[in-house]
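Chain residues, written in single-letter form:
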Amino acid sequence: MKKLLYLLTGIVFIINTSCTDEQVEQPRKKDPVVVSINPSYGSAKDIVTILGRNFSAVKSENIVKFNGIEAVILEADPGKLQIVLPNIAEGKFNVEVTIKDTIVVGPEFTFQKSVDNGWIVQTIVGQNGVAAMKDGIGTEATCKLPTSLSFAPDGSIWFTDRGNFAIRSISTDMQVTTIAGEPSTTLFSHPWQGNFDSKGNYYVADKANHRVQKIDGVTHEVTTFATGFDDPMSLVFDANDNMYVADRDNKAIKKITPEGQTTTYPIGMTPNCLILTPGGDIVIGGSSNYTLLRLSLSTGQVTTIAGDGVKGTTYNDGEAGNPLSANIGQIFGLGCDANGTIYIADALYHVIRKFTPDSTGDYSKGTITTIAGTGTKGTKDGKALSATFNTPYAVLASADGKTLYIADTVTFLIRRMTFR
């Protein structure tokens with residue numbers, strides 16, 4: 001009997017040992033997992049994000065396919081892949097991700113009919129809904145209410161981080177750096193829009209402090225340049241370094257010469273933003289007049305050049321050659337390229353629009369065209385007419401008009417539009 005008991009005990013020990021050895025020899029494999037695709041619909045050349053686990057941080061080690069057709073990978077990290085959708089027919093297809101010979105099948109994605117005007121939208125700085133202040137590269141960096149964008153002499157872009165009371169820059173290689181200010185600073189209070197003079201110094205409308213602040217382009221020292229405003233919102237320079245300030249609650253544009261002489265132009269509305277055209281006039285956007293105005297610097301005359309003056313329920317570009325027939329929303333940002341085409345950040349309708357003068361440069365006979373956005377709030381990247389924005393407050397145009405930068409303020413993002 002004892003021999004039988006010993007024999008059974010030995011068999012149980014051997015079984016337990018073999019099971020333990022088997023578990024040690026076969027550790028759990030960390031296979032990739034696809035959790036979701038955001039958004040879950042789109043069309044060729046849209047940019048979407050795949051969320052999951054155990055992706056490769058090396059772009060070339062990830063392969064993403066839909067119905068056997070490979071997508072282009074823009075960014076990769078272990079929890080996220082950002083891709084450009086391939087050219088594929090309409091329909092529903094599961095995403096297939098391959099990482100180092102391991103293939104996983106993820107959720108279904110709906111391919112829609114393509115709507116393409118040649119513009120592509122991509123988020124380049126910030127994280128949707130993350131109101132913070134962190135320097136870094138591209139979307140690693142965060143901001144809070146970006147409100148203004150300006151090209152610096154070295155090709156970088158300076159922007160006002162209004163919610164963080166700071167001025168920051170984006171280098172040509174997408175490094176975000178804080179130039180001056182922080183949430184607890186007294187240097188700025190809700191800095192709105194700024195610009196550079198010909199010497200490379202930066203000036204900003206320090207709205208809540210009712211003044212204009214100067215930042216030395218080399219030392220970054222901050223000093224007060226001018227006071228006596230009532231909620232200044234925007235400023236631009238002409239070729240002679242005369243400054244023009246949108247003095248909002250005084251309903252005026254104030255000119256300040258390099259020698260400090262001032263001239264006030266009453267305009268009869270509360271100006272939010274200014275842009276200087278190649279012809280030497282100033283175009284003005286506001287939030288309650290639903291028009292664009294032109295101030296002639298040679299005569300001081302103010303005329304309406306776009307918009308019917310009515311707050312609409314949706315955007316309407318109006319008739320070609322008749323910009324007064326268009327619906328213009330609340331305008332906090334204007335840009336202009338070297339050819340005189342004006343770009344409009346329409347915060348009311350959540351779209352980006354283009355205002356092209358006629359062949360003689362006459363804006364009163366120009367045409368307004370919506371080039372990005374759907375009229376609904378969102379943060380979708382990809383082809384411009386299916387991309388979405390949320391209350392854009394600034395637009396900056398390259399000289400050739402083929403690249404635009406957008407301050408998508410409420411979502412704490414900076415976006416880039418590129419024309420292919």
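Placed above this text is the structure.
None of these values were measured; they are calculated from a predicted model.

Asker: Summarise the overall build of the protein chain; cite the residues concerned and give the values.
Answerer: Check the secondary structure of the protein chain and you find one helix and 35 strands. The globule rule puts the C-alpha radius of gyration for 420 residues at 22 Å, and the 27 Å found for the protein chain is more than 25% above it. Its C-alpha atoms put the protein chain at 115 × 50 × 35 Å along the principal axes. In the protein chain, which comprises 420 residues, the proportion classed as buried is 52%. For the protein chain, the computed accessible surface area is about 19000 Å², with 50% contributed by carbon and sulfur atoms.

Asker: Describe the side chain of aspartate 346, naming the residues involved and giving the relevant values.
Answerer: For aspartate 346, the position within the fold is in strand E29 (residues 342–346). Side-chain polar atoms of aspartate 346 contact the side chain of arginine 353, separated by 3.0 Å. Look past the residues within four positions of aspartate 346 in its chain and what remains in contact with it is Ile328, Gly329, Gln330, Ile331, Val351, Arg353 and Pro392.

Asker: Would you mind going over the packing of aromatic side chains in detail, with residue names and values included?
Answerer: On inspection of all chains with the given rule, the structure shows 15 aromatic pairs. Between tryptophan 158 and tyrosine 202 the ring centres are 5.1 Å apart and the planes differ by 50°, which places this aromatic pair in the tilted class. Taken together, the positions of tryptophan 158 in strand E13 (residues 157–161) and tyrosine 202 in strand E17 (residues 202–206) put the pair 44 residues apart, joining distant regions of the chain. Assessed through its relative accessible area of 0%, tyrosine 202 is described here as buried. Between tryptophan 192 and tyrosine 393, the ring centres sit 6.1 Å apart and the planes meet at 35°, which makes this aromatic pair tilted. Taken as a pair, tryptophan 192 in strand E16 (residues 191–196) and tyrosine 393 in strand E33 (residues 392–397) lie far apart in primary sequence, 201 residues in all. Grouping residues by exposure puts tryptophan 192 and tyrosine 393 together as buried.

Asker: Talk me through the environment of arginine 420; I want residue IDs and the actual numbers.
Answerer: Following the sequence through the fold, arginine 420 ends up in the segment after strand E35 (413–419). Among the residues examined, arginine 420 registers a relative accessible area of 46% and is labelled partly exposed. Distance in space between the C-alpha atoms of arginine 420 and lysine 402 is 7.9 Å, their sequence separation being 18 residues. Aside from chain neighbours lying at most four places away, what touches arginine 420 is Lys45, Asp116, Gly118 and Ile120. Of the polar contacts made by the side chain of arginine 420, one reaches the side chain of aspartate 116; its length is 3.0 Å.

Asker: Outline the environment of methionine 133, supporting the account with residue identities and numerical values.
Answerer: With respect to the secondary-structure elements, methionine 133 resides in the loop between strand E10 (119–125) and strand E11 (136–137). As for methionine 133 and phenylalanine 389, which are separated by 256 residues in sequence, their C-alpha atoms are 21 Å apart. If we skip the residues at most four places from it in the chain, methionine 133 touches Thr142, Asp161, Asn164, Ala166, Arg168, Thr178, Gly181, Glu182 and Pro183.

Asker: I'd like to hear about the sheet that holds strand E31 (residues 367–372), residue by residue, with values.
Answerer: Hydrogen bonds along the backbone pair up the strands of a sheet, which may run parallel or antiparallel. Ordered by their spatial adjacency, four strands build an open sheet running E28-E29-E30-E31, and the pairing between neighbours is antiparallel. The outermost strands of the open sheet, each flanked by one partner alone, are strand E28 (331–336) and E31. Within this sheet the neighbouring strands show an average axis-to-axis angle of 25°, counted without direction. Relative to strand E30 (residues 351–356), E29 runs antiparallel, the two being bridged by five bridges.

Asker: Describe in detail the nonpolar core, supporting the description with residues and values.
Answerer: If you look at the biggest cluster of nonpolar residues, it comprises 21 residues, and the most contacted ones within it are Ile50, Val64, Phe66, Leu81, Ile83, Val95 and Val97. Where this core is concerned, the elements lending two or more residues are strand E1 (33–38), strand E3 (47–53), strand E4 (62–66), strand E6 (72–77), strand E7 (80–84), strand E8 (91–99) and strand E9 (102–111). With four residues, E8 is the largest single contributor of residues to this core. Here valine 64 is in contact with Ile50, Ile69, Glu70, Ala71, Ile73, Leu81, Ile83, Val95, Glu96 and Val97, once residues within four sequence places are set aside. Residues Ile253, Tyr265, Met269 and Leu295 belong to the second largest nonpolar core, which totals 17 residues.

Asker: Residues and numbers for the pattern of salt bridges, please.
Answerer: Inspection of the entire model under this criterion finds 14 salt bridges. Measuring nitrogen to oxygen at the nearest pair gives 3.8 Å for the salt bridge that ties lysine 100 to glutamate 61. You can see lysine 100 sitting in the loop between E8 and E9 and its partner glutamate 61 sitting in the loop between E3 and E4, a full 39 residues away along the chain. Given the relative accessible area of 61%, lysine 100 is considered exposed. Residue glutamate 61 is classed as partly exposed on the basis of its relative accessible area of 30%. Between arginine 420 and aspartate 116 there is a salt bridge, with its nearest N and O atoms 3.0 Å apart. On the criterion of sequence distance, the pair formed by arginine 420 in the segment after E35 and aspartate 116 in the loop between E9 and E10 is long-range, its members being 304 residues apart. Owing to a relative accessible area of 37%, aspartate 116 belongs among the partly exposed residues under this scheme.

Analysis parameters
Residues numbered from 1 in each chain as written. Predicted model: local features only at pLDDT ≥ 70, side-chain atom pairs only at ≥ 80, totals over all residues. Heavy atoms only, no water. Helix = DSSP H or I, 4+ residues; strand = E, 2+ residues; numbered from the N terminus. Rg over C-alpha atoms; globule rule 2.2 N^0.38 Å. Buried < 20%, exposed > 50% of the residue type's maximum accessible area, 1.4 Å probe, protein only. Areas by Shrake-Rupley, 256 points an atom, 1.4 Å probe, with all protein chains shown as cover. Polar contact = N/O pair within 3.5 Å; in protein donor to acceptor, adjacent residues only side chain to side chain. Contact = heavy atoms within 4.5 Å. Phe/Tyr/Trp six-rings, centres within 6.5 Å; stacked < 30°, edge-to-face > 60°. Pairing = 2+ DSSP bridges. Axes fitted to C-alpha atoms, helices over the stretch in contact; angles between N-to-C directions. Core = buried A, V, L, I, M, F, W, Y, C linked by side-chain atoms within 4.5 Å. Salt bridge = Lys/Arg side-chain N within 4 Å of Asp/Glu carboxyl O.

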